[in-house]
There are 4 protein chains.
Amino acid sequence: MIIKIKPGASQGDIDYVIGRAHSLGLDTHISQDDGQTLISLLGDIQTLTPTVFRGLRGVAQILPLRSPFRLVSRDFQAERSVVVVGGVPIGGEQIAVIAGPCAVESQQQLLTTARTVKEAGARILRGGAFKPRTSPYSFRGMGEEGLKLLAAAREETGLPIVTEVMAPEHVPLVSRYADMLQIGARNMQNFELLDAAGKSQKPVLLKRGMMATLEELLFSAEYILSHGNHHVVLCERGIRTFEPYSRNTLDITAVPILQGLTHLPVIVDPSHATGKADLVAAVSRAAVAVGADGLIIEVHPEPERALSDGPQSLTPQRFAALMVEARRVAPAVGRTI
Amino acid sequence: MIIKIKPGASQGDIDYVIGRAHSLGLDTHISQDDGQTLISLLGDIQTLTPTVFRGLRGVAQILPLRSPFRLVSRDFQAERSVVVVGGVPIGGEQIAVIAGPCAVESQQQLLTTARTVKEAGARILRGGAFKPRTSPYSFRGMGEEGLKLLAAAREETGLPIVTEVMAPEHVPLVSRYADMLQIGARNMQNFELLDAAGKSQKPVLLKRGMMATLEELLFSAEYILSHGNHHVVLCERGIRTFEPYSRNTLDITAVPILQGLTHLPVIVDPSHATGKADLVAAVSRAAVAVGADGLIIEVHPEPERALSDGPQSLTPQRFAALMVEARRVAPAVGRTI
Amino acid sequence: MIIKIKPGASQGDIDYVIGRAHSLGLDTHISQDDGQTLISLLGDIQTLTPTVFRGLRGVAQILPLRSPFRLVSRDFQAERSVVVVGGVPIGGEQIAVIAGPCAVESQQQLLTTARTVKEAGARILRGGAFKPRTSPYSFRGMGEEGLKLLAAAREETGLPIVTEVMAPEHVPLVSRYADMLQIGARNMQNFELLDAAGKSQKPVLLKRGMMATLEELLFSAEYILSHGNHHVVLCERGIRTFEPYSRNTLDITAVPILQGLTHLPVIVDPSHATGKADLVAAVSRAAVAVGADGLIIEVHPEPERALSDGPQSLTPQRFAALMVEARRVAPAVGRTI
Amino acid sequence: MIIKIKPGASQGDIDYVIGRAHSLGLDTHISQDDGQTLISLLGDIQTLTPTVFRGLRGVAQILPLRSPFRLVSRDFQAERSVVVVGGVPIGGEQIAVIAGPCAVESQQQLLTTARTVKEAGARILRGGAFKPRTSPYSFRGMGEEGLKLLAAAREETGLPIVTEVMAPEHVPLVSRYADMLQIGARNMQNFELLDAAGKSQKPVLLKRGMMATLEELLFSAEYILSHGNHHVVLCERGIRTFEPYSRNTLDITAVPILQGLTHLPVIVDPSHATGKADLVAAVSRAAVAVGADGLIIEVHPEPERALSDGPQSLTPQRFAALMVEARRVAPAVGRTI
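Owing to the predicted nature of the structure, the values given are computational and were not obtained by experimental measurement.

1. Focus: the interface of chain A and chain B
Contacts between the two partners involve 37 residues from chain A and, on the opposite side, 36 residues from chain B. Along the contact surface separating chain A from chain B lie two salt bridges. When the shortest N-O distance is used, the salt bridge between Glu243 of chain B and Arg208 of chain A registers 3.0 Å.

2. Let's talk about the side chain of His170 of chain B
Examined against the element boundaries, His170 of chain B turns out to sit in the loop between strand E9 (161-164) and helix H4 (171-177). Setting aside its immediate chain neighbours within four residues, His170 of chain B contacts Phe130 and Val165 of chain B together with Glu192 of chain C.

3. Describing the relation of the copies chain D and chain C
Take chain D, turn it by 180°, move it 0.0 Å along the axis, and it overlays chain C with an RMSD of 0.1 Å. On this basis, the relationship between the two copies can be described by a two-fold rotation axis. Closest approach to the rotation axis among the C-alpha atoms of chain D is made by Ala286 of chain D, whose C-alpha sits 2.1 Å away. Taken together, the interface assignments show that 100% of the residues at the interface of chain D recur at the interface of chain C, consistent with an identical surface on both copies.

4. Description of the pattern of salt bridges
All names here are of chain C. For the coordinates displayed, the defined rule picks out 63 salt bridges over all chains. Measuring nitrogen to oxygen at the nearest pair gives 3.0 Å for the salt bridge that ties Arg318 to Asp278. Here Arg318 is found in helix H10 (residues 316-329), whereas its partner Asp278 is found in helix H9 (residues 277-290), with 40 residues between them in sequence. Taking relative accessible area as the criterion, Arg318 reaches 39% and is therefore assigned partly exposed. Judged by relative accessible area, Asp278 falls into the exposed class, the value being 63%.

5. A closer look at the pairing of strand E3 (residues 36-42) of chain A
Residues and elements named next belong to chain A. Counting buried positions along E3 yields six of seven residues, so the element is predominantly enclosed. Here strand E1 (residues 2-5) pairs with E3 via three bridges, running antiparallel. Counted as the bridge partner of Lys4 is Leu38 from E3.

6. Points about the sheet that holds strand E10 (residues 180-183) of chain B
Strand pairing in a sheet relies on backbone hydrogen bonds, with the paired strands running either antiparallel or parallel. All names here are of chain B. Overall, parallel pairing links the eight strands, which are arranged E7-E8-E9-E10-E11-E12-E13-E14 in a closed barrel. Each neighbouring strand pair of the sheet contributes to a mean axis angle of 25°, computed without reference to strand direction. Where strand E8 (residues 124-126) meets E9, two bridges bridge the pair, whose relative direction is parallel. In the strand pairing of E9, Leu125 is matched with Ile161. With respect to the sheet, helix H5 (residues 191-200) is in contact with E10 and strand E11 (204-207), its orientation differing from that of E10 by roughly 165°.

7. Considerations on the interface of chain D and chain C
Taken together, the contacts link 36 residues of chain D with 37 residues of chain C. Here chain D meets chain C over a buried area of about 2,900 Å², counting both sides, of which 74% is carbon and sulfur. Linking chain D with chain C are two salt bridges. Where chain D packs against chain C, one counts eight residue pairs in polar contact (both at pLDDT 80 or more). Sort the elements by how many residues they give to the side of chain D that touches chain C and helix H9 (residues 277-290) of chain D lands first, with seven residues. Taken together, the residues of the side of chain D that touches chain C sort by class into 23 nonpolar, seven polar and six charged.

8. Quick look at the environment of Gln312 of chain B
All names here are of chain B. Relative to the helices and strands, Gln312 is located in the loop between strand E14 (294-298) and helix H10 (316-329). Along the sequence, Gln312 and Thr274 sit 38 residues apart, while their C-alpha atoms lie 7.5 Å from each other. Leave out the neighbours within four places in its chain, and Gln312 touches Arg247, Ser271, His272, Gly275, Lys276, Ala277, Val280 and Glu298. A distance of 2.5 Å separates a polar atom in the side chain of Gln312 from a polar atom in the side chain of Arg247. Reaching out from Gln312, the side chain makes a polar contact with the side chain of Glu298 at a distance of 3.1 Å.

9. So, helix H9 (residues 277-290) of chain A
All names here are of chain A. The end-to-end C-alpha distance of H9 is 21 Å, a good match for the 20 Å that 14 residues give at a rise of 1.5 Å each. Counting buried positions over the 14 residues of H9 gives 13, a clear majority of the element. The positive-phi residue at the C-terminal boundary of H9 is Gly291, with phi of around 115°.

10. Considerations on the sheet that holds strand E10 (residues 180-183) of chain D
Residue and element names in this part refer to chain D. The eight strands lie next to each other as E7-E8-E9-E10-E11-E12-E13-E14, forming a closed barrel whose pairing is parallel. Adjacent strand axes in the sheet meet at a mean angle of 25° when their direction is disregarded. Alignment of strand E9 (residues 161-164) against E10, held across three bridges, turns out to be parallel. Each bridged residue has a counterpart across the sheet, and for Glu164 the counterpart in E10 is Gln182. Where helix H7 (residues 254-261) meets the sheet, its contacts fall on strand E12 (232-236) and strand E13 (266-268), and the angle it forms with E13 comes to roughly 170°.

11. Focus: the packing of aromatic side chains
Residue and element names in this part refer to chain C. According to the stated counting rule, one finds eight aromatic pairs over all chains in the structure shown. Between Phe69 and Phe219, the ring centres sit 5.3 Å apart and the planes meet at 75°, which makes this aromatic pair edge-to-face. Of this pair, Phe69 sits in the loop between strand E4 (59-63) and strand E5 (83-85) while Phe219 sits in helix H6 (residues 214-225), and the two are 150 residues apart along the sequence. What makes Phe69 buried here is its relative accessible area of 0%. Take Phe219: its relative accessible area is 8%, and that puts it in the buried class.

12. Quick look at the environment of Glu243 of chain D
Along the chain, the position of Glu243 of chain D falls in the loop between E12 and H7. With 118 residues separating them in the primary sequence, Glu243 of chain D and Leu125 of chain D have C-alpha atoms 31 Å apart. Ignoring any residue separated from it by four or fewer positions in sequence, one finds Glu243 of chain D in contact with Arg208, Ala212, Thr213, Leu214 and Asp251 of chain C together with Thr249 of chain D. Polar side-chain contacts of Glu243 of chain D include one of 2.8 Å to the backbone nitrogen of Leu214 of chain C.

13. Quick word on unusual backbone geometry
Comment: phi is negative for the bulk of residues other than glycine, and the bulk of peptide bonds are trans. All names here are of chain A. At Gln201, a position not held by glycine, the phi torsion is positive, near 70°. Looking at where Gln201 falls in the secondary structure, it is placed in the loop between helix H5 (191-200) and strand E11 (204-207). A relative accessible area of 39% means that Gln201 is categorised as partly exposed.

14. Some details on the relation of the copies chain A and chain B
Once chain A has been moved 0.0 Å along the axis and rotated by 180°, it coincides with chain B to within an RMSD of 0.1 Å. Interface residue correspondence from chain A to chain B reaches 97%, placing this contact among same-surface, isologous pairings.

15. Topic: helix H7 (residues 254-261) of chain B
Of all the eight residues making up H7 of chain B, seven are buried; the element is thus mostly covered by neighbouring parts of the structure. Along H7 of chain B, the positions that sit buried rather than exposed are Ala254, Val255, Pro256, Ile257, Leu258, Gln259 and Leu261 of chain B. Where the residues of H7 of chain B are buried, they touch H9 of chain A together with helix H6 (214-225), strand E12 (232-236), strand E13 (266-268) and helix H9 (277-290) of chain B.

16. Notes on the side chain of Asp293 of chain B
By secondary structure assignment, the location of Asp293 of chain B is in the loop between H9 and E14. Setting aside residues no more than four positions away along its own chain, Asp293 of chain B makes contact with Arg80, Ile90, Gly91, Gln94, Ile95, Ala96, Gln259, Pro265, Val266, Ile267 and Arg335 of chain B.

17. Comments concerning the confidence of the model for chain A
Low pLDDT marks stretches whose predicted atomic positions should not be read closely. Taken as a whole, chain A shows an average pLDDT of 92; of its residues, 95% reach a score of 70 or greater. Scoring of the predicted complex yields 0.86 for pTM and 0.85 for ipTM.

18. Some points on the pairing of E11 of chain A
Residue and element names in this part refer to chain A. Burial along E11 is two-sided: the residues Val204 and Leu206 and Leu205 and Lys207 are all buried. With three bridges connecting them, strand E10 (residues 180-183) and E11 associate as parallel partners. Each bridged residue has a counterpart across the sheet, and for Ile183 the counterpart in E11 is Leu206. Taken together, E10, H5 and E11 form a β-α-β motif whose crossover is right-handed. Where E11 lies against strand E12 (residues 232-236), four bridges are found, and the strand directions are parallel. Bridging from a neighbouring strand, Lys207 pairs with Cys235 of E12. With helix H6 (residues 214-225) bridging E11 and its parallel neighbour E12, the resulting β-α-β unit is right-handed.

Calculation rules
- Residues numbered from 1 in each chain as written.
- Chains lettered and ligands numbered in written order.
- Predicted model: local features only at pLDDT ≥ 70, side-chain atom pairs only at ≥ 80, totals over all residues.
- Heavy atoms only, no water.
- Contact = heavy atoms within 4.5 Å.
- Salt bridge = Lys/Arg side-chain N within 4 Å of Asp/Glu carboxyl O.
- Helix = DSSP H or I, 4+ residues; strand = E, 2+ residues; numbered from the N terminus.
- Least-squares fit on C-alpha atoms with pLDDT ≥ 70 in both.
- Buried < 20%, exposed > 50% of the residue type's maximum accessible area, 1.4 Å probe, protein only.
- Pairing = 2+ DSSP bridges.
- Axes fitted to C-alpha atoms, helices over the stretch in contact; angles between N-to-C directions.
- Buried area = accessible area lost by both parts, 1.4 Å probe.
- Polar contact = N/O pair within 3.5 Å; in protein donor to acceptor, adjacent residues only side chain to side chain.
- Nonpolar A, V, L, I, M, F, W, Y, C, P; charged D, E, K, R; others polar.
- Expected span 1.5 Å × (residues − 1).
- Phe/Tyr/Trp six-rings, centres within 6.5 Å; stacked < 30°, edge-to-face > 60°.
- pLDDT = per-residue confidence, 0-100.
- Right-handed = clockwise from strand over helix to strand, strands pointing away.

Laid out in structure tokens, this is it:
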């Protein structure tokens, strides 16, 4: 439920409304929309009737929320958000392409990739320093050493960097180096991590869990926004189904569904969705055509030697070709890349 | 396994190869490719070694098949097939758009729809006369009366028609009226129906079952081709997953995967995939961008009064707008609509 | 909606109620329950209000249906049904075990199996003469020859037989030989086949589709009952999920859910559910404990030579051991085997 | 790969083998099995050939591992493990029943439940103090206050306690109060948490993710064991499928599959698997019959007032009835409860 405050209401009037909410066990979230004060009521409001607030001095209007989520919903904010990452906007007219290796492996590997993806038109660099791996015996990333290499690559190329964070206590460390924190699919419902990312105020790239409904994804974003961090970008990266040909099943329809439900930008990860380099370009074209606000693509100078995700990584040459194809599609949806 | 026959081999040589195959319990399928005779061995060939045929007079080359399917595979035919339906090609440079109501309900409803979708650029008319319905108490279609209305609509508009057939014994009846037989998702593994469609020589639109793997889809197509009917178009129409927002989950990646495995044309059904009229246009753009050879879309003059599938049906106006959007995307993949 | 007729109402009163229903486009189904006449209204009754029938002479009570299905529901018939197959009851105190080979392959194979499963306690013999196969090149069954072998095995052992029917036009043929018609998972929504089985009055074993919800299974059963054939047994045989270790995922919870929704007996197929002989006994114990009314199990004298489903077939020895285990569990749920 | 050391080999011989492994980039894990020293090689051993270690002094035998996991596999330890939780064994002849409320809500609620479940035969008390919730606005648990109430309930009833831990930094806090750490389904691949639990040496109850394969579950357990903590119990709690009637789909077959692959005990959670109190007893019987080593069941004195999971919580009376039913089944599988 959202309470619109009358223009010109006194601070005392506003405080009274807030106090009433608190006395009912609800939290409040205050925001400004076009010069108007909105109080969003948070907590168990299922049984709450608007009459409690009706007629209070200062209350202009009481808006029920159509969706179960609040701050992420288009009820709360009708215009689409633009999230700025190190100067690069995600969610605007230009489709943002994020590219880079699955894992940071060496300075040489990272710099080569960064230079070539920049040249091809990528605007943000990705690379994992902390890697979630199914087996404890797989390569789990270079840790802080990898973060330093990422920062050095930014220094040289000017590309802002996004990298994964896997534990609440790593958020300060990763935030020191990264322009954007990635929360991976396996951690989409790691609520302590969501809380920590929410408190950090860094832009967050939140990937849909492979088993998560869109409603669950939006609730996880709500965790981050509820701490005051509104810089969240959602990422569809494929869900788990019975079909074995592709690594996951890209839910392309998720993009327009999410854009109808939330004001947050929505990007697509064709690399994890397909798991096969041969399929990445076609699916990237589809993502642009469906209206995605960005792409995140794995690129490796030598995919066959990658320490992780080699089969789905593109060579720089193939990535450049993909960018050409994607650029042809963008004008059809009124965008550029 | 495919045996390439030497140019100039005698019929006796060929017959000997065929006889040897039969003596091993295998069926054979003979085809011509660019003037060369190919004998495809069908049956349980898992344990068969090529040595049995090596050195026979007339045998030029023995080709193992990489895929478990045969006649549908690109091993068997490298070039993409074009299936012609009442003069309209599916699989060529022009993307074929099939449109019309879910069910034929009346002459008025059908003709109105046919005229408006034709005007907007649809090239084939769809409409169900025999309807598969979950409940026995739902409207199950007009039967032959509906087929007659479809034929009359073709008469007036010139659009060829595609309509569903649900039982082997209906194949002759439906074939008398239709230009293309549709086998629906629920009947994708109705093997007796596949056999009957294979024997009919009519073009067949084979829809993927909602929980069928791509391999199973290709095997079902193989049933049809194995009877000598090569006029098969595959249709991705969404699979069943845990996600409730959309009616099904469109597996957009299925399009390039199938196009890599088979020479048959592949189209997309955004109406059943999404189940919601609001999502159909965005998903249609994605289907064109990913490389689909066609679209099949439900259109109804008054969706809110439709006897089935109303929520996913477009008005003629929205369909016309969709065509405008799809036409903008097509050139990006070197196609027209 | 069900209309209870007053005791002692005249036939004219009853006919008037029926006529009113027909005038509203509804079908009617009349039954007797404990000496009382019930008229079940079938068709599109979503928008129907009971007031139309209230106050008519002869109407004792109007019962809304809680479930979307009608004849299969426990609203319609509260007591659990017992379906009798060649003298063997399914649904009563004794758990019915159906056993036999996946496919009938030879007289020798079938008779050996029949004798041994009977000795171990099976009460019905299974065996496929018409086999649904993913690939057109796999063994598709012996056809009528297989039916004759089944009939001969019944002659010798006294076991009634259940065998699959795959097409509406085969129903008369299969009915001549079989005591029970099986409709397989792939044909659960082959509505023409359901209609044909409904008209036949033979007991029907209806298997849940690997992609079907329980509601869809009940609607498919409703097709059969709506033609007056109430002799339907439902079978849970595993659904398709992402888990690759087992062939399918047995939905054990489906048994108590179905038994709460319908009066029809519910059995379990541990062979198809697991796909591995090693797992069949454990899962059979679970099925008995959960309350299943029967089991259907694949047994083959030489599983490694079976023409289909070898990996999940038990040897007669293992089947006998399974029966010992299952018999130990049965008393815990007040049943015998 | 596992290297069996010769009886009587010197420490120098053993160190040499270990040094060779380290020089190849592998980690080693040393264990004793029946007086014999085993060195398990951990790391990327896919390409490793046994010849590297063959012939070294001290090496008795080199055992390839059939499964991709190591310490959890039955290759590594053939006998089934028994995990002891506050004196109560899980994995032995007696089936361990864990019961209690979803969330700790008050001293009164917890103590009432603890006393009644103990009386009915539960041997371990469950209760959540830190609750993973889809929405940030739901009740997220009492935190440390809840842990104190759990410890007090143990004090009074003697039941050991298991409770969920959601973040690596909470492991020390929760370990101070709990006898067993629960890692919930949403955190099954929270690898930092698995590491922290592995280092703690507390018994761990690891729940299968709702869309995790059994292989992934075993790899997550491997994370814990790889830190030297072998006290791990696995829990099947239902997976996410398309079927809406039950909250999740219990994969009952997972129990015998896991017991074939791993020596770790396997229990079942019928409450989360079904989501409905009406179904819990039937599914519990099935779990006992299939061979589960334990059950974990939600019990609440007033389910309709529970702050979470009310619909699936049993009253103490229904729980007592369930125990009676489960006890009848146990002897059929040679167990007691």
